[in-house]
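Examination of the molecular architecture
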Amino acid sequence: MSLTETLSKRPLRALRLPRWLTGEAALMLALVLFVGVLSIAPLARLAWAALVPQGQFDASRIADILGGRRVVGATLNTIWISVAATCLATVAGTLAALLTTLTDMRARTLWVFGFVLPLMIPPQVTALAWVQAFSPSSPVLGALGLSLPPGTRHPLYSMGGIIFLLGLYNAPLVFLSVRASLQRLPASLVEAAHSNGAGRGAVIRDIILPLIRGGVFAGAALAFVSSIGNFGIQAMLGIPARVETLITMIYRRLNSYGPSALNDMALLALLLAVLTVIGMTLTAWLGRKGDQRVDSAHRAPRMTLGPWQWPVGLAAWGYLLVCLALPLSALFAAALVRGYGQPLNAETITFENFANALFHHKGIREAFVTSFWITCTTVAVLIPVAVALGYVLTWRRGWVAKLLRLASELAYALPGIIIGVAMILFFLRPLPFIGTGLYGTVWVILAAYFSNFLALALRPILGGYAQIDRALDEAAQLAGAGIFTRLRTIILPSVAPAATAAGILVFMTAINEIQTSVLLVSSRAQTIGPMIIFLEEAGSSTLAAAVGCLMVLLVLALMGLSLVFGRRLPEGVLPWRD
Amino acid sequence: MSDIRIDAISKSFGPTQVLKDVSLAIEAGEFVAVLGPSGCGKTTLLRCLAGFEQLDGGHIAIGGETVSAPRAHVPPERRGIGVVFQNYALWPHMSVAQNVAYGLKIAGIPRAERMKRVSRVLDLVALGPLANRRPADLSGGQRQRVALARCLAMESRVVLLDEPLANLDVHLRGALEEEFAAFHARSGATMFYITHDQAEALALADRVAVMNAGRILQFDRPEALFSQPASETVAGFIGEGRVLEAEDIRPLGNGRAAASLMGQTVELRCAPGERARGRAKISFHPGDLQLTETQGIAANVTRATYRGAYLRAEVMAGPGGHVPLSVNIAAPASLTRGQRITLALRDGWVIPDAAA
């Protein structure tokens, strides 16, 4: 019996679906529905509520709100803070990348791990740790007698403090982008400049910097997006310092006035979205202008530090000491004393805070359980969706693919708090057919996670697709395999390493997530991310510090696990791997 | 039956039209090669046949059933066509046997039957002992044979081959050309072979379609392409062909004609319907020119290179000495730079008038 006969006698598996809805059409429809319901529809609802709240466009209302003294002040603060923090992050990140990629500095791998680590620590924990660093219990400054006398204003509770922390926090983003550019730089270009008589400074200024310009600006664009949308640091430092930004304004007004302020806050969220997109586009445009493409190199250039080995090493490790050891040691010290401000010594040390955080505090325990299961669900749903979406974005043309790409990129750029406001608006009213609303339940948070992290999951997977030959899929198609069979038997095994890395990234980000969930949590549904802010606001600094320590330990454990078991994961996807 | 009828198909990517009114009628079981320079549209033609690209116009029927037309498109997975990709497209996470068995598994063939067919096919291409290896552990030639085995196992009636020898060493190519011929004899499948290497095309195919800039220039038997090219482009493309203008074409009947080339009278082959013309393009090959002691075309040797079986000379010929020609002269012979020689044209072809 020949194969063609066998094929024709076999009943179709998807017998109940109409013929046009089998295979790719069904996949496209499912993806459009997923992205449409979770990203496009809520954002459209947000724009609608912002611009035409009562069914009509009212220009004077918009002018009134946006022209208000406090809104203008918050907008200017937002712009200034994110631009200044981006500049700081760009300088620090670029220097770090030049140092680790171009020189023979000792113990580079360890240093890179330390430099990238702040990126993986939730920003609210970073902020809390820095606040603790200046408290009397700080083991570093306290021991040096440099801690603040009681009653003085905390130096980080200021505009400068916010810029400083956002800059440090986002420097790794620039670092990763610049390092990727540097690794593509052929050593021969640098050697040619040396043979023409150029010294090291001249080579860096005239050859290397112009060639990595694209990478620097791409990193700066990421740092800008991350700074403008960073709720944790802006709230933890900005609210006590009375430095109002758009994000903290939206958060505080929604907390005080509830859903009645939603339409106005939707307008502010839209303004924040527009600022984000403008900043990102501008930076990307600056980077593209005069961008030089070079062929990828087999061998990256290396310079010897020679006599500078010790001073440079000292400065580099000193930086890590200040940025990592100072705040984190303070955080741990604060978690180990009974009350805020107590110095840590043999008499005051206690594990009560950790015991409370882990076992006795019902809210924290429930929040952790909630965070854990919605994070696992998010990973379990988003990775298959991202693999299917990556397939369409990589190998299919047409307007549907273009629309999906645009939607996923937009969701990547927009600050989480905007998704939060959009989700409230979208799910506030009772759902059709069900009768009850999802507002205030954990399901809204889950929906927001799907929307917020799809792009994060997509990035490494798109990188994975770039590595595999399209003919592998086409050969399976010729063998008669439909799209779902191919995704399962051919594509998934091929992109498995990238998908695993994507899963790790999403898990680490979602488990401590704060940006969207801070607006969506309620008495019925708490997550662990915003818990620190609530505890700190309620005056339980030491308990907040203990929760923060646990988060840092969780992150470190996950990073360590991924290093031990992740030898087969693709290079360049997990940021902490050198 | 698995004859292929390609009827006036066109395909554009954005503003560039890649296929322009392409038609080919391929008989069941025939081995057809499509020959053309890179970028001529031959790979797009293959992808249209396989169903990876949708047509803008025209239609394709396989075995009498329309598979591609602007409004009707049978997806690749339901065409039952085998393709040997340029880089073989072996699934790296599956063993050789799993690669070959995949299509059978998709078709729902029971395990026992599947195993039997896979081992039979692997024995046919002499890969039986390597059934459990991964593709990464195979040599280039072995990978090629796995790709062929995959088509054999599926018993595809139509097999498309996309430059299958392009990534292989020269010394492997001869062996694999033989392999393709054996595959064709064994399977009886209709073969559609894309290549830019004319030696491959002429050696393997029953008929060759010469393609350039999205059009089929000529579709004919290899010997006809070589000795009776239909156009200047084909004549110049096949076998180092040289095209010159001759004057005073006088048909002599019986497929022969006399003409005047660089002042010398020569006798050439021509199409049966050829008429007397004042001027015409004629084509010939380096081997058609011979040294002569008697009257002939005067030439001046500018370069002579030793090629083993023959001596290759570049000469400037004609009364003015400004027509460059290549000449192959059977060994033993010796020519030096600057030497004056006399050449006779033993064979040539009057290219038919395109307007006629």
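Along each chain, the written sequence defines residue order, and numbers are assigned to residues from 1. Labels follow written order: the first chain is A, the first ligand is 1, and so on. Restriction of local features to residues with pLDDT of at least 70 applies here, the model being predicted, together with a cutoff of 80 or more for giving and counting side-chain atom pairs; totals for whole chains, interfaces and linings are based on all residues. Note that the side-chain values use all heavy atoms of the structure and ignore hydrogens as well as water.

**Digging into the interface of chain B and chain A**
Think of interface size as the accessible area that goes away when the parts come together; that is how it is often given. How we decide: Note on contacts: a residue pair is in contact if any heavy atoms of the two residues lie within 4.5 Å. Buried area: the accessible area, evaluated with a 1.4 Å probe, that two parts lose upon being put together, summed over both parts. Any carboxyl oxygen of Asp or Glu that lies within 4 Å of a side-chain nitrogen of Lys or Arg is treated as forming a salt bridge with it. Side-chain atoms alone can form a polar contact between residues adjacent in sequence; in general such a contact is a pair of N or O atoms within 3.5 Å, and within protein one must be able to donate a hydrogen while the other accepts it. Note on conventions: DSSP H or I runs of at least 4 residues are helices, E runs of at least 2 residues are strands, and numbering of each starts at the N terminus. Throughout this entry, Asp, Glu, Lys and Arg are counted as charged residues, while Ala, Val, Leu, Ile, Met, Phe, Trp, Tyr, Cys and Pro are counted as nonpolar. The remaining residues, Gly among them, count as polar.
Each partner contributes residues to the interface: chain B has 29 residues there, and chain A has 28 residues. Roughly 2300 Å² of surface becomes buried between chain B and chain A when both sides are summed, with 60% attributable to carbon and sulfur atoms. For the pair chain B and chain A, the interface holds three salt bridges. The partner of E77 of chain B in a salt bridge is R486 of chain A, and the shortest N-O contact between them spans 3.8 Å. Across the chain B-chain A interface, the total number found is seven residue pairs in polar contact (both at pLDDT 80 or more). Broken down by secondary-structure element, the contributors of at least two residues to the side of chain B that touches chain A are α1 (42-50), β7 (81-84), α2 (96-106) and α4 (140-154) of chain B. Per-element tally for the side of chain B that touches chain A: the top contributor is α2 of chain B, with four residues. Split by residue class, the side of chain B that touches chain A holds 18 nonpolar, four polar and seven charged.

**Comments concerning the nonpolar core**
The condition that has to hold: Buried Ala, Val, Leu, Ile, Met, Phe, Trp, Tyr and Cys residues that are joined via side-chain atoms within 4.5 Å together make up what is termed a nonpolar core. Buried means the residue's accessible area, taken with a 1.4 Å probe over protein chains only, is under 20% of the maximum for its type, while exposed means over 50%, and partly exposed covers the values in between. In this document the domain limits rely on a domain assignment from an automatic tool or a database.
Residues L46, I208 and Y465 of chain A are the most contacted members of the largest nonpolar core, which totals 189 residues. Residue-level mapping places this core at the junction of two domains, with at least three residues from each of domain 1 (22-56 + 358-529) and domain 2 (68-292 + 325-350 + 542-548) of chain A. Residues V84, A131, A149 and A189 of chain B belong to the second largest nonpolar core, which totals 47 residues.

**Notes on the packing of aromatic side chains**
For clarity, the cut-off: Stacked, edge-to-face and tilted are the three classes for Phe, Tyr and Trp ring pairs, Trp counted by its six-membered ring, which pair at centre distances within 6.5 Å; planes under 30 degrees apart are stacked, over 60 edge-to-face, the rest tilted. Whether a charge lies above a ring is judged from NZ of Lys or CZ of Arg, which has to be within 6 Å of the ring centre and within 35 degrees of the ring normal.
Using the criterion set out here, one finds 16 aromatic pairs over all chains in the structure. Pairing F31 of chain B with Y193 of chain B gives two aromatic rings, centres 5.9 Å apart and planes at 40 degrees, and the pair type is tilted. Pair noted here: F31 of chain B is in strand β3 (residues 31-35) and Y193 of chain B is in strand β9 (residues 190-195), with a separation of 162 residues, a long-range link. Note on Y193 of chain B: relative accessible area 0%, which makes it buried. For the pair F180 of chain B and Y193 of chain B, a centre-to-centre distance of 5.7 Å together with 75 degrees between the ring planes defines the contact as edge-to-face. One end of the pair, F180 of chain B, is in helix α5 (residues 170-187); the other, Y193 of chain B, is in strand β9, with 13 residues separating them in the sequence. The exposure class assigned to F180 of chain B is buried, which follows from its relative accessible area of 0%. By the ring-pair criterion, three or more aromatic residues cluster together here, those being W111, F115, F175 and Y319 of chain A. The ring centre of W91 of chain B lies 4.4 Å from the NZ or CZ of R150 of chain B, which sits over that ring.

**With respect to the packing of helix α7 (residues 159-183) of chain A against helix α9 (residues 200-228) of chain A**
All names here are of chain A. Counted only if it meets this: To get an axis, a line is fitted to the C-alpha atoms, and for a helix only the part in contact is used. The angle between two axes follows their N-to-C directions and goes from 0 to 180 degrees. Less than a right angle of anticlockwise turn of the near helix away from the far helix marks a crossing as left-handed, whereas a clockwise turn marks it as right-handed.
Close contact between α7 and α9 brings their axes to 8 Å; oriented N to C, the two are set at 145 degrees. For the element pair α7 and α9, the recorded crossing hand is right-handed. Where α7 abuts α9, its residues L166, Y169, N170, L173, V174, S177, V178, S181 and L182 lie against I208, I212, G215, V216, A218, G219, A220, L222, A223, S226 and S227.

**Considering the pairing of β3 of chain B**
Residue and element names in this part refer to chain B. Stated formally: When DSSP finds two or more bridges between two strands, those strands count as paired.
In terms of burial, β3 is a largely internal element, five of the five residues being buried. On β3, burial covers both faces: F31, A33 and L35 on one face and V32 and V34 on the other are all buried. Relative to β9, β3 runs parallel, the two being bridged by five bridges. Bridge pairing links F31 to M191 in β9. Pairing between β3 and strand β10 (residues 207-212): four bridges, direction parallel. Directly across from L35, in β10, lies its bridge partner V210.

**Side note on the packing of helix α6 (residues 123-133) of chain A against helix α10 (residues 231-241) of chain A**
Residues and elements named next belong to chain A. Relative to each other, α6 and α10 sit at 35 degrees, their axes nearing to 7 Å. Regarding α6 and α10, the two cross each other, and that crossing is right-handed. For the pair formed by α6 and α10, the contact residues are P123, Q124, A127, L128 and V131 on the first element and G232, I233, M236 and L237 on the second. Grouping the amino acids of the contact of α6 with α10 by side-chain chemistry returns seven nonpolar, two polar and no charged.

**Details of the confidence of the model for chain A**
How we decide: Scored from 0 to 100, pLDDT reflects the predictor's confidence in each residue.
Put simply, chain A has an average pLDDT of 83, and 89% of its residues get 70 or more. For chain A, per-element mean pLDDT is lowest for helix α1 (residues 3-9) of chain A, which scores 45, and highest for helix α4 (residues 69-102) of chain A, which scores 93.

**Notes on unusual backbone geometry**
We note that R242 of chain A has phi near 55 degrees; this positive angle belongs to a residue other than glycine. On the secondary structure map, R242 of chain A appears in the loop between α10 and α11 (246-257). The residue M262 of chain B is not glycine, and still its phi comes out positive at about 50 degrees. Structurally, M262 of chain B can be placed in the loop between β13 (256-261) and β14 (264-269).

**Notes on the pattern of salt bridges**
Residue and element names in this part refer to chain B. Within this structure, the stated rule accounts for 29 salt bridges over all chains. Its salt-bridge partner being R256, residue E267 comes within 2.6 Å of it at the nearest N-O pair. In this pair, E267 sits in strand β14 while R256 sits in strand β13, placing the two residues 11 residues apart along the sequence. Among the residues examined, R256 registers a relative accessible area of 29% and is labelled partly exposed.

**Considering α6 of chain A**
Residues and elements named next belong to chain A. In terms of burial, α6 is a largely internal element, 11 of the 11 residues being buried. Residues P123, Q124, V125, T126, A127, L128, A129, W130, V131, Q132 and A133 constitute the buried set of α6. Residues of α6 that are buried sit in contact with α7, α10, α13 (309-335), α22 (531-537) and α23 (541-565).

**Description of the environment of N77 of chain A**
Residues and elements named next belong to chain A. By secondary structure assignment, the location of N77 is in helix α4. You can call N77 buried: its relative accessible area is 19%. When the C-alpha positions of N77 and A59 are compared, they lie 24 Å apart, and in sequence the two are 18 residues distant. Among residues more than four places away in sequence, those in contact with N77 are M159, V243, E244 and T245.

**Details of the sheet that holds strand β19 (residues 323-330) of chain B**
In any sheet, the strands associate via hydrogen bonds between backbone groups, in a parallel or an antiparallel arrangement. Residues and elements named next belong to chain B. Judged by pairing direction, the sheet is antiparallel, and its five strands sit side by side in the order β16-β20-β17-β18-β19 without closing on themselves. In this open sheet, the two edge strands, each paired with only one partner strand, are β16 (289-291) and β19. Adjacent strand axes in the sheet meet at a mean angle of 45 degrees, parallel and antiparallel pairs treated alike. Relative to strand β20 (residues 340-345), β16 runs antiparallel, the two sharing three bridges. Paired with L289 across the bridge in β20 is L345.

**Describing a nonpolar patch on the surface**
All names here are of chain A. This is how the line gets drawn: Like-charged residues are merged into a patch within 9 Å and nonpolar side chains (Val, Leu, Ile, Met, Phe, Trp, Tyr) within 5 Å, provided each residue has over 30% relative accessible area and no salt bridge. Surface exposure here means Shrake-Rupley accessible area, sampled with a 1.4 Å probe, where a residue is shielded only by the protein chains that are shown.
On the surface, F368, V369, F372, W373 and W443 cluster together to form a nonpolar patch covering roughly 500 Å² of accessible area. The greatest single-element share of the nonpolar patch, amounting to four residues, is contributed by helix α15 (residues 362-395). With respect to the helices, strands and loops of the structure, F368 is situated in helix α15.

**Observations regarding the sheet that holds strand β1 (residues 4-13) of chain B**
All names here are of chain B. If you walk across this open sheet you meet the five strands as β2-β1-β4-β5-β6, and the pairing is antiparallel. Pairing within the sheet leaves two strands with one partner each, and these edge strands are β2 (16-26) and β6 (72-73). Here strand β5 (residues 65-69) pairs with β6 via two bridges, running antiparallel. Looking across to β6, one finds that S68 is bridged to H73.

**Quick notes on α11 of chain A**
Residue and element names in this part refer to chain A. Rules: To estimate the expected span of a helix, count its residues, drop one, and scale the result by 1.5 Å.
With 12 residues, α11 extends 16 Å between its outermost C-alpha atoms, agreeing within 8% with the 16 Å of an ideal straight helix rising 1.5 Å per residue. Buried residues of α11: L246, I247, T248, M249, I250, Y251 and L254, and no others. Directly after α11, the chain includes G258, whose backbone phi takes a positive value near 70 degrees.

**Considerations on the domain arrangement of chain B**
In terms of domain boundaries, chain B breaks down into domain 1 (4-227) and domain 2 (240-350). One C-alpha centre belongs to domain 1 of chain B, the other to domain 2 of chain B; they are set 39 Å apart.

**Regarding the domain arrangement of chain A**
Residue and element names in this part refer to chain A. When the domains of chain A are assigned, the result is domain 1 (22-56 + 358-529) and domain 2 (68-292 + 325-350 + 542-548). The centre of domain 1, based on its C-alpha atoms, is set 26 Å off from the matching centre of domain 2. Across the boundary between the two partners, domain 1 contributes 28 residues, which contact 28 residues of domain 2. Of the roughly 2300 Å² buried where domain 1 meets domain 2, counting both sides, 81% is carbon and sulfur surface. Contact with domain 2 buries area across many residues of domain 1, yet A413, I417 and Q515 alone supply 19% of it, more than any other trio. Across the contact surface, domain 1 and domain 2 share zero salt bridges. Our count for the domain 1 to domain 2 interface comes out at three residue pairs in polar contact (both at pLDDT 80 or more). Of the residues contributing to the side of domain 1 that touches domain 2, the split by class is 23 nonpolar, five polar and no charged.

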